[in-house]
Amino acid sequence: KDRELRSVLMQRFGHLSPDQSRNFYAQQIRTLIKSATGRNGYIEYGSSRRIAQMVDSYLENSRVLAAKGNLSAAINTSTAVAEEMCAALQYVDDSSGSIGESIGDAILFLEELAQNPRYAAAHEEIFTWLTEAFRKKTFGGWDWHFNIIRLAVGMAKDNNRAASLIQLLDSQTYLDFWDGEIAAIKVKE
């Protein structure tokens, strides 16, 4: 119970913490996820919805942080949500789609930052995370894998960057199922 209370407090007031690193937020989310894990190491349907609702407050904090100009912390929060929730999909019943929705919302928030000229100072950090997450296959096997590279392509401002993204796409192997998606991304570039 103490861990859960700590997690709830960090969700609500994490933006006030002096540590705003991705690792800080990732650890908070892992602790929250672990608190919902049953004896068999699996998160049941009801718990997965509760976890997603709690994690969504981290995304709300991301918006608060961005509005206050703390863009790096906002990015760290949302990328931690996306990465940790995707990792949790391996042992959670997400038949409600709530965990997947949290991942999608985190990536959508990054897209909003990337497309807003007001947050231009954060664009390089977002682009770097997108390409690294793609390279590491953080979201491999999920649609988000291509959503993040599509977003990176949209952020490419010069031919060198565009060429590096095409090279990155070509460096990975995919099931034939993804051929159309890859071709669409390359055409867009």
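So, a few notes on the structure that sits alongside this text.

What counts and what doesn't
- Residues numbered from 1 in each chain as written.
- Predicted model: local features only at pLDDT ≥ 70, side-chain atom pairs only at ≥ 80, totals over all residues.
- Heavy atoms only, no water.
- Salt bridge = Lys/Arg side-chain N within 4 Å of Asp/Glu carboxyl O.
- Helix = DSSP H or I, 4+ residues; strand = E, 2+ residues; numbered from the N terminus.
- Buried < 20%, exposed > 50% of the residue type's maximum accessible area, 1.4 Å probe, protein only.
- Phe/Tyr/Trp six-rings, centres within 6.5 Å; stacked < 30°, edge-to-face > 60°.
- Axes fitted to C-alpha atoms, helices over the stretch in contact; angles between N-to-C directions.
- Left-handed = near helix turned anticlockwise from the far one by under 90°.
- Contact = heavy atoms within 4.5 Å.
- Nonpolar A, V, L, I, M, F, W, Y, C, P; charged D, E, K, R; others polar.

### Observations concerning the pattern of salt bridges
Part 1 of the argument: Counted by the stated rule, this structure contains four salt bridges.
Part 2 of the argument: Here E112 and R63 are joined by a salt bridge, their closest N and O atoms 2.8 Å apart. Separated by 49 residues along the polypeptide, E112 in helix α5 (residues 98–115) and R63 in helix α3 (residues 45–67) bring together distant segments of the chain.
Part 3 of the argument: Note that E124 and R161 form a salt bridge whose closest N and O atoms lie 2.5 Å from each other. Of the two residues, E124 is situated in helix α6 (residues 123–135) and R161 in helix α8 (residues 159–170); the sequence distance between them amounts to 37 residues.
Part 4 of the argument: Residue classification places E124 among the partly exposed positions, given a relative accessible area of 44%.

### Section: the packing of aromatic side chains
Part 1 of the argument: A full pass over the atoms with the stated rule returns five aromatic pairs.
Part 2 of the argument: An angle of 70° between the planes, with centres 6.0 Å apart, marks the rings of W129 and F139 as edge-to-face. A residue pair is termed long-range when its members are at least 10 positions apart, and W129 in helix α6 and F139 in the loop between α6 and α7 (143–155) qualify at ten residues. The exposure classification of W129 matches that of F139, with both residues buried.
Part 3 of the argument: Centre to centre, the rings of W142 and W144 are 5.5 Å apart; their planes meet at 35°, and the pair counts as tilted.
Part 4 of the argument: Take W144: its relative accessible area is 14%, and that puts it in the buried class.
Part 5 of the argument: Three or more aromatic residues joined by ring pairs make a cluster, and in this case those are F24, Y25 and Y58.

### Side note on the packing of helix α2 (residues 22–36) against helix α4 (residues 71–88)
Part 1 of the argument: Close contact between α2 and α4 brings their axes to 8 Å; oriented N to C, the two are set at 35°. Two packed elements cross with a definite hand, and for α2 against α4 that hand is right-handed. Contact residues: R22, Y25, A26, I29, R30 and I33 in α2; A73, N76, T77, T79, A80, V81, E83, E84, M85 and A88 in α4.
Part 2 of the argument: Of the residues in the contact of α2 with α4, the class split is nine nonpolar, three polar and four charged.

By themselves these figures say nothing about function.
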